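Residue strings, one per chain:
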Amino acid sequence: MHYPIIEAKNLTNEPNNPEFDQLHGRMNKYRGKFGILVCRKVQNKDRAIEICKTYLPDRYVIYLTDEDIFEMLELSREDKIDEIDDLMDNRLKKVIF
């Protein structure tokens, strides 16, 4: 059985290659090949997406920020589960395409 690997970082600065690499190192064919780096904020979103793309095609890595988590919690409270799916799907599409 495969599981998403989630790495939470309480960073005051941008997540960089070491943070993404640590997450990538936890993924394998037994645990799973999808990972989420959760961090406080990402200022340079294009750079973060480019880092996520470096793990393709073997691994899929996305990031979520505090803002994303709060948005998903609010959507959940409003029973807008499809919009949560859309948020996650769009984040993954940015990495894949």
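The structure reproduced in this document is the subject of the present report. All values reported here derive from a predicted model rather than from experimental measurement.

About the cut-offs
Residues numbered from 1 in each chain as written. Predicted model: local features only at pLDDT ≥ 70, side-chain atom pairs only at ≥ 80, totals over all residues. Heavy atoms only, no water. Pairing = 2+ DSSP bridges. Helix = DSSP H or I, 4+ residues; strand = E, 2+ residues; numbered from the N terminus. Axes fitted to C-alpha atoms, helices over the stretch in contact; angles between N-to-C directions. Salt bridge = Lys/Arg side-chain N within 4 Å of Asp/Glu carboxyl O. Buried < 20%, exposed > 50% of the residue type's maximum accessible area, 1.4 Å probe, protein only. Expected span 1.5 Å × (residues − 1). Arc of directions from axis to C-beta. Patch = residues over 30% accessible without salt bridge, like charges linked within 9 Å, V, L, I, M, F, W, Y side chains within 5 Å. Areas by Shrake-Rupley, 256 points an atom, 1.4 Å probe, with all protein chains shown as cover.

## A few points about the sheet that holds strand β1 (residues 5-9)
Thought 1: Within the open sheet, the 3 strands sit side by side as β1-β2-β3. Their pairing is parallel. Across the chains shown, the open sheet's two edge strands, defined by having one partner strand only, are β1 and β3 (60-65). Here the average twist between neighbouring strands, direction ignored, is 20 degrees.
Thought 2: Relative to β3, strand β2 (residues 34-39) is paired through 6 bridges, and the arrangement is parallel. Among the inter-strand pairings, Gly35 is bridged to a residue of β3, identified as Val61.

## Notes on the pattern of salt bridges
A side chain of one charge can pair with a side chain of the opposite charge if their charged atoms are brought near each other.
Thought 1: Applying the stated criterion to the full structure yields 8 salt bridges.
Thought 2: Among the salt bridges present, the one from Arg77 reaches Glu74, with a minimum N-O distance of 2.6 Å. Of this pair, Arg77 and Glu74 are both found in helix α3 (residues 66-77), 3 residues apart, which corresponds to roughly one turn of the helix.
Thought 3: A relative accessible area of 31% means that Glu74 is categorised as partly exposed.
Thought 4: A salt bridge links Lys80 to Glu78, with the nearest nitrogen and oxygen atoms 3.1 Å apart.
Thought 5: Residue classification places Lys80 among the partly exposed positions, given a relative accessible area of 35%.
Thought 6: Under the relative-accessibility criterion, Glu78 is labelled partly exposed at 36%.
Thought 7: Where salt bridges share partners, they join Glu7, Lys9 and Arg26 into one cluster.

## Details of helix α4 (residues 81-96)
Note: α-helices contain 3.6 residues per turn, so residues at a spacing of three or four share the same orientation.
Thought 1: Here α4 spans 23 Å end to end across 16 residues, near enough to the 22 Å set by a 1.5 Å rise per residue.
Thought 2: Of all the residues in α4, the buried ones are Ile84, Leu87, Arg91 and Val95. End-on, the buried residues of α4 take up no more than an arc of 75 degrees, which puts them together on one face.

## Points about a nonpolar patch on the surface
Thought 1: Among the surface-exposed residues, Tyr60, Ile96 and Phe97 lie close enough to one another that they form a single nonpolar patch of about 330 Å² accessible area.
Thought 2: For Tyr60, the position within the fold is in strand β3.
Thought 3: Owing to a relative accessible area of 31%, Tyr60 belongs among the partly exposed residues under this scheme.

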